[in-house]
Amino acid sequence: MKNLLKKVEPYLYLMPCLLGFWIFMFYPFIKTVFLSFNITNANGEAIEFVGFNNYKELFLSPDFISSIGVTIKFVAITAIPAILIGLGLAILANKKLKGSRIYEVLFAMPMAVSSAAAAAVWMLLFHPSIGFINYILKSQIGWLTDEKLALFSVALVTVWLNIGLNFIFILTGLKNIPDELNESAQIDGAKMGKKFLKLTLPLVSPTLFFVVFINIINSFQSFAQIKLLTSGGPANSTNVIVHEIYREAFFNNRFETACAESIVLFLIILSITLIQLKLEKRGVYYS
């Protein structure tokens, strides 16, 4: 009996955690997969099994195909700038200058702002007549109502939101580089550019890999700022996949379509993750 209790005891400690995972992650995922193969009613209950028909209709839908293109473009124009700006600010803050602690706090501040609050502030900044941006430019540009500018405007807000997190992670990675290595490089006469490429970048590559991974996933899952700033418009120019899922489920009451779109998004993110993990072995240096 005692031996049995010893074997069972570790799993009892894990039960609260496993129960939470089941309720909030595994069960919703399994239910989503199940509903994606069925026709649902207005309450989201399965009423008829249709197999892969929902997926076939999905890839024949111009709105969904458009949302995939918009999402890929959105990820590219948010993830890359956010990482590069975060890296630049981290390098600047890592220099032992007077007041560098103040810079660290200022650069990390966007991380403390919620997407909803940021969207409310940026909506005022983008306002065509009373917005600060148009006041500076002395123009009346419709940043959120112009099809050509709306996606870039929302991307700008997303980049601003992500900079703080990138900055903190990259700065932590830079601070973990031993001072002795930097001093040795300086004694050897290494120039700043060569020192960055040959020393700093390889040593901070595990952190950069993690930051790239997080930024791509966050960009794919961006929703709040898009919903509040443009609601997917104008003319679906900012209708990313997550917003398309929201619209199908809660406006069109097509829960089966929304579930199928969710699974497609999951498979896209999973594929990108597997590719990144494979590339990690080639491009990441672990000291």
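The shown structure was predicted, so the numbers you read here are calculated from the model rather than taken from an experiment.

Cut-offs used in this document
- Residues numbered from 1 in each chain as written.
- Predicted model: local features only at pLDDT ≥ 70, side-chain atom pairs only at ≥ 80, totals over all residues.
- Heavy atoms only, no water.
- Helix = DSSP H or I, 4+ residues; strand = E, 2+ residues; numbered from the N terminus.
- Buried < 20%, exposed > 50% of the residue type's maximum accessible area, 1.4 Å probe, protein only.
- Contact = heavy atoms within 4.5 Å.
- Areas by Shrake-Rupley, 256 points an atom, 1.4 Å probe, with all protein chains shown as cover.
- Phe/Tyr/Trp six-rings, centres within 6.5 Å; stacked < 30°, edge-to-face > 60°.
- 1 Å grid on protein atoms, 1.4 Å probe; cavity = no way out; pocket = protein on both sides within 12 Å on 5 of 7 lines; lining within 4 Å.
- Points joined across faces, edges and corners; volume = space filled by probe spheres on them.
- Nonpolar A, V, L, I, M, F, W, Y, C, P; charged D, E, K, R; others polar.
- Arc of directions from axis to C-beta.
- Salt bridge = Lys/Arg side-chain N within 4 Å of Asp/Glu carboxyl O.
- Axes fitted to C-alpha atoms, helices over the stretch in contact; angles between N-to-C directions.
- Parallel < 35°, antiparallel > 145°, perpendicular 65-115°, else oblique.

Below, the discussion takes up the overall build of the chain. Along its length, the chain carries twelve helices and two strands. Starting at the N terminus and ending at the C terminus, the chain contains elements arranged as α-β-β-α-α-α-α-α-α-α-α-α-α-α. The buried share among the 287 residues of the chain stands at 38%. Contacts in the chain between residues at least 24 apart in sequence constitute 67% of all its contacts with a sequence separation of at least 6. Accessible surface, the chain: about 17,500 Å² in total, of which carbon and sulfur atoms supply 69%.

For the bond from glycine 233 to proline 234, the omega torsion is -10°, close enough to zero to count as cis. Topologically, proline 234 is positioned in the loop between helix H10 (224-229) and helix H11 (241-250). Of note, lysine 138 is a non-glycine position whose phi angle comes to about 55°, a positive value. Turning to its location among the elements, lysine 138 is positioned in the loop between helix H6 (132-137) and helix H7 (150-175).

What follows deals with the packing of aromatic side chains. Taken as a whole and judged by the stated rule, the model has 16 aromatic pairs. Note on phenylalanine 37 and tyrosine 55: the rings are 5.6 Å apart at their centroids and 50° apart in plane angle, and the pair reads as tilted. Residue phenylalanine 37 is found in the loop between helix H1 (2-35) and strand S1 (38-40), and its partner tyrosine 55 is found in helix H2 (residues 53-58); the two are separated by 18 residues along the sequence. For tyrosine 55, a relative accessible area of 13% translates into the label buried. Within the aromatic cluster, the residues linked to one another by ring pairs are Phe223, Tyr246, Phe250, Phe251 and Phe255.

To continue, consider the side chain of glutamine 276. Structurally, the position occupied by glutamine 276 is in helix H12 (residues 255-283). Its relative accessible area of 9% is what places glutamine 276 among the buried residues. Glutamine 276 has contacts with Phe209, Val212, Phe213 and Ile216, leaving out every residue within four places of it along the chain.

Quick look at the layout of surface pockets now. Empty space among the atoms becomes apparent when a probe as large as a water molecule is rolled across them. Estimates place the volume of the second largest pocket at around 460 Å³. The wall of the second largest pocket is formed by 16 residues, among which Gln221, Ser262, Ile263, Leu265 and Phe266 lie closest to the centre. Those elements giving two or more residues to the lining of the second largest pocket turn out to be H1, H11 and H12. Here the lining of the second largest pocket is composed, by residue class, of twelve nonpolar, four polar and no charged.

Moving on, we come to helix H5 (residues 115-125). Taken as a whole, H5 has its buried residues at Ala118, Ala119 and Trp122. Buried residues of H5 fall within an arc of 100° about the axis and therefore sit on the same side. Structurally, H5 contributes buried residues whose contacts are with H6, H7 and H10.

So, about the pattern of salt bridges. One side chain can pair with another of opposite charge once the charged atoms of both are near each other. Under the counting rule described, the total for this entry stands at three salt bridges. The partner of glutamate 57 in a salt bridge is arginine 254, and the shortest N-O contact between them spans 3.9 Å. Placement of the pair is glutamate 57 in helix H2 and arginine 254 in the loop between H11 and H12, with a sequence separation of 197 residues. Overall, the relative accessible area of 48% leaves glutamate 57 in the partly exposed class. Overall, arginine 254 belongs to the partly exposed group, its relative accessible area being 34%. Note that arginine 247 and glutamate 244 form a salt bridge whose closest N and O atoms lie 2.9 Å from each other. With arginine 247 and glutamate 244 both in helix H11 and three residues apart, this pair spans about one turn of that helix. What makes arginine 247 partly exposed here is its relative accessible area of 21%. On the basis of relative accessibility, which here comes to 0%, the residue glutamate 244 falls in the buried class.

All right, on to the packing of helix H3 (residues 62-94) against H11 then. Contact geometry of H3 with H11 gives a least axis separation of 8 Å together with a crossing angle of 150°. The angle between H3 and H11 falls in the class roughly antiparallel. Judged by residue contacts, Asp63, Phe64, Ser67, Ile68 and Thr71 of H3 engage Ile241, Glu244 and Arg247 from H11. Residues belonging to the contact of H3 with H11 are distributed by class as follows: three nonpolar, two polar and three charged.

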